[in-house]
Amino acid sequence: MELVRVHVRFFKSFNFDYERRAKDNARRYEWEMLPEGWYPYVRLDVDPQITAVVGANESGKSHLLDAIERVIGSESRSRSDFCRHSQLYSVETDEVRIPDVGATFRARGESEVGVLSSIGVELKVDDTFIFLRPGVGSPCIIMEDKRTELSGGDLQALESIFPRVLRYSTDIAIPDSVPIVRLWGGEAGTLADRRTRSEFLDFAEGVRPSEGDWFSPLAPKFAQYLRPASSIEPTAEIRQREKEHELARKLLVDVAHVDPQIFKDLQRAISVGNEGEVSGLIGKINQTLSRRLNLSRWWSQDKDFALRVSPRERELVFTIEDRTGAEYSFAERSRGLTHFLAYFVQLRAHKRDPLRTEILLMDEPDAYLSSSGQQDLLRVLENFAVSDDRTRHDQVVYVTHSPFLINKNMAHRLRVLDKGAQEEGTRVVKDVARTHYEPLRSSLGAFVAETAFVGGKNLIVEGVADQVILAGMSNTLRLRGIPTESLLDLNEVTIVPAGSADSVPYIAYLARGRDAVKPPCVALLDGDEDGERAVKKLERSEANRKPVLDRKYILRLDTWGESEGTAVRSSTTSGRVTEIEDLIPPRIAISAARRYAVQLIGVDEASAEQLKETNLRDRLKSSGRPLWDELKDLFAATFEGERIDKVGFARELISYIGTVGSDENQPAGMTALTGNFERLLAKLSNLLNAAATEESERRRSKRMSRIVAGFLDDYNEGATRSLAENRLQEIEATLEDIALHDAIRRQIAAIRRDFRLKQDPLRPVENFEQFRERLSGLLLQERLATQDVDHDA
């Protein structure tokens, strides 16, 4: 069963849909009518895979998750849930009611169709129906105009095929340690906790026996520490610790699949001092933990990251090993990592219901996570929605404040909630993607990923219209099946509008001209005089007379169009591409301009038809000017001086293309449009990847140079083998898993062997001057590896 739409009315911050009631032509469904009048439900469409709900504080995001739970039946409604700013909120006898919630579901299998048939609802696989839990009356199913009341066994039968709701906690983390007894199911006393045990030992060691009855006064104190844990009133701190210990048990038993009895054996081996058995068991536990968890696939910030356990007297302590080989406790790392692990473990430990689909609800899972961590979590959620083998298709609905937990390649997944004025309550903002996230900016305050460099790849364009068209076309082509490698990954690429061609060099200088960390950037410029002037400034900064961007990372539309030849079809008579709008065929441009006239000027659709493709083509033939110049003048002439805005046109263009299918009946010009942008986006993607690779290599080389130079400066006359080996390990940590670095690895292995750095680590390095020369030579190995070998040299 698939959740298609949520219907909410009078529930917490949701009142009813004021906007729909205000429309003259809105359909009034019988099941939305009350004795007091028509109160249409607030409706929010749910994506078949992942739905990201965004909104400002108090906009009703969390209440939406609550409503889904009420619909499915995992939580019950109460009078306290009723919207308190609703006109129908009352405390008077016979007027007190509970909220209305419902949902549209899609039957996905024959078994679901069979259950529905048994309760009197006939439909086919992939048909939809509305299920309501009204505030007054029995739950019911609505199909077209037919209403089927449900009660008793029929309601239970229906609920048995509803998706299973999962709502994981986002306020717990993997603990630093866990008592071993909790892992094999033994009874834990108060001394199972390390801190309590430490307090007890400090107290006991301070006791000094003396003559007489010395123990009786101390008995109450000992009883405090030795009483059963079950006799202690659980505080909030104890309950939180219990949750963390249970999460650790899930990690080791449910995810890593370690037999609980192994932990009992481990506790016995520790108690009797059998260190060999302890070491063997811990080694095997860590091996299976690494294999089953497979964190390197999901935690992108360190591919060599590994989670380990180490034994203590009565606990297992979690440690983290990073690419340097060093180990850290959780307390020494950021909270983001432990919370990411908590989400990850909860999802991996969960056993899917083989007979029902599932809906995962998460309330602001971005807490504590860095921007990279949020992107990693997003990949985990997407894997939950669609498994690797494609055999499971479940749904995820999460609410967030963060722009980094939004997949901008999937704009259709976004839902924005807004708190309406006064008694209106929460409303759903329409057309988020079409307006290029404009309501999203308002909801988040500042859409950081589009207003600042965030360390990823940056594409600098002249204006917002370029940004809208490139982002929209990339998403459109992705939905049409174009390989993602040829498009812009909007989760990694920030499209930065400079405001004008003259501002592009300044924006690029802000990103790359001042700091040691220089984000990879590519500039896209028009093929006009302003673009040519900007190229010259990029090649020689006015600030320091140095290049801001390498020439190969500056793309002018005219030179790119010429290099593509006839593969690119410009709308201009000359075939020259001056602006990005020249890649839009006249018929498509006219359709978008008509939508602009209807949506923003308010003309009716019949009047909008006065804007004709033939007139635009005639103008282009006679003038030879770019498409936008002629379209702008034609629009003004057709609609009595009305002005068409470039950004608004871009948004209506993307909106129009989104309504056009990819079948054979698509309008003329669509093939040329998609072909043009497929080539442009592929070129930009390749340039951005090359810029990112070059920048990564520059940073790695600088790190390697600093390590080598620092060692040579500090140690002129000698160093121990251990210290030298440590520096070689630091250099290895800077290398990436590419063939180009194999020469450096071979040289490091040779240095390690020739100077016997692994033997007698406290002895000094022999032939230290030669060691210094070999170490300096590492900086040349990569350069030599990319050059042709001169066999005569």
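Scroll up a little and you will see the structure.
Predicted model only: the values in this text are computed from it and were never measured.

A few points about the sheet that holds strand β6 (residues 100–106)
Phase 1 of the analysis: Strands sit in the order β4-β1-β6-β7-β8-β9 across an open sheet of 6 strands; the sheet is antiparallel. Each edge of the open sheet is held by one strand with a lone partner, namely β4 (42–45) and β9 (146–149). Averaged over all neighbouring strand pairs, the angle between strand axes comes to 20°, with direction disregarded.
Phase 2 of the analysis: Two elements, strand β1 (residues 2–9) and β6, share 7 bridges in a ladder whose sense is antiparallel. Across the sheet, Glu 2 pairs through a bridge with Arg 106, a residue of β6.
Phase 3 of the analysis: On top of the sheet, helix α4 (residues 152–159) reaches β7 (128–133) and β8 (140–143); it is set at about 125° to β7, its chief contact.

Focus: the pattern of salt bridges
Phase 1 of the analysis: Here the structure, examined in full by the defined rule, presents 54 salt bridges.
Phase 2 of the analysis: In this structure, Arg 20 engages Glu 32 in a salt bridge whose closest nitrogen and oxygen atoms are separated by 2.7 Å. Placement of the pair is Arg 20 in helix α1 (residues 18–22) and Glu 32 in the loop between α1 and β2 (33–34), with a sequence separation of 12 residues. Glu 32 shares its class with Arg 20; the two are buried.
Phase 3 of the analysis: Among the salt bridges present, the one from Arg 379 reaches Asp 376, with a minimum N-O distance of 3.2 Å. Of this pair, Arg 379 and Asp 376 both sit in helix α12 (residues 371–385), separated by 3 residues, roughly a single helical turn.
Phase 4 of the analysis: We classify Asp 376 as buried; its relative accessible area is 2%.
Phase 5 of the analysis: Here the salt bridges share partners, and the residues they tie into one network are Lys 12, Asp 66, Glu 69, Arg 167 and Asp 363.

Parameters at a glance
- Residues numbered from 1 in each chain as written.
- Predicted model: local features only at pLDDT ≥ 70, side-chain atom pairs only at ≥ 80, totals over all residues.
- Heavy atoms only, no water.
- Pairing = 2+ DSSP bridges.
- Helix = DSSP H or I, 4+ residues; strand = E, 2+ residues; numbered from the N terminus.
- Axes fitted to C-alpha atoms, helices over the stretch in contact; angles between N-to-C directions.
- Contact = heavy atoms within 4.5 Å.
- Salt bridge = Lys/Arg side-chain N within 4 Å of Asp/Glu carboxyl O.
- Buried < 20%, exposed > 50% of the residue type's maximum accessible area, 1.4 Å probe, protein only.

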